[in-house]
Amino acid sequence: MANKKRLLNLSLIILVILGIASLGHVIYSKSHPQVDYRPVPKTNLANVVKKSDLIIVAEVKQSNLKQKNFDKLPATSYQVTVKQVLKGTATAGQKLNLYKAGAQKHRTGGYILYQGDKIPQAQHTYLFVLEKRQGKWYAGTPSTMQAATKAKIKQVQTYLK
């Protein structure tokens, strides 16, 4: 009888330890999201600029967390405010919704992105090279969203000539 009681207590202790360990792993995974990087399709900025429908400098206001598939990678919706238009029809101050390749995995909290790409951050300004796909503005590869530096804007303007 004493052995059964010890075995039962030991089993309960092991279950509690396993439960705490698995909970700790979930909490750690969510607080330290892992990134699943995918190979980047072969593109260069000059070709992307020539094929684009709209090129803007815009500030990201928020992520809408809506996801849509355009290519092999899911894309996330962002609301931006246009600051400058380099190509296409838009106006400064206009609010646009666009999709950027890459998304957060809801189950793990990790991300899926192209190699060398990043998630747009709210209150940051970027240069977006967009194309119209499925009736939505879309930024696919890492070259389609970059920090809006004067040098990068000037480089894009030379490709537009």
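Residues numbered from 1 in each chain as written. Predicted model: local features only at pLDDT ≥ 70, side-chain atom pairs only at ≥ 80, totals over all residues. Heavy atoms only, no water.

1. Topic: the nonpolar core
Piece 1. Grouped together as the largest cluster of nonpolar side chains are 18 residues, with contacts concentrated most on Leu-54, Ile-56, Val-80, Leu-96, Leu-98, Phe-128 and Leu-130.
Piece 2. Those elements that place two or more of their residues in this core are β2 (54-69), β3 (74-87), β4 (95-101), β7 (125-133) and β8 (136-139).
Piece 3. Looking at this core, the element that brings in the most residues is β2, giving four residues.
Piece 4. Among residues more than four places away in sequence, those in contact with Val-80 are Ile-56, Ala-58, Glu-59, Val-60, Lys-61, Gln-94, Lys-95, Leu-96, Leu-98 and Phe-128.
Piece 5. Counting ten residues, the second largest nonpolar core, distinct from the first, contains Leu-45, Val-48, Ile-55 and Ile-153. (Core = buried A, V, L, I, M, F, W, Y, C linked by side-chain atoms within 4.5 Å. Buried < 20%, exposed > 50% of the residue type's maximum accessible area, 1.4 Å probe, protein only. Helix = DSSP H or I, 4+ residues; strand = E, 2+ residues; numbered from the N terminus. Contact = heavy atoms within 4.5 Å.)

2. So, the pattern of salt bridges
Piece 1. In total, this model carries six salt bridges according to the counting rule given.
Piece 2. When the shortest N-O distance is used, the salt bridge between Asp-36 and Lys-105 registers 3.6 Å. Of this pair, Asp-36 sits in strand β1 (residues 35-38) while Lys-105 sits in the loop between β5 (103-104) and β6 (111-114), and the two are 69 residues apart along the sequence.
Piece 3. Overall, the relative accessible area of 25% leaves Asp-36 in the partly exposed class.
Piece 4. Using a relative accessible area of 34% as the deciding quantity, one classes Lys-105 as partly exposed.
Piece 5. For the salt bridge of Lys-61 with Glu-59, the shortest nitrogen-to-oxygen distance reads 3.4 Å. (Salt bridge = Lys/Arg side-chain N within 4 Å of Asp/Glu carboxyl O.)

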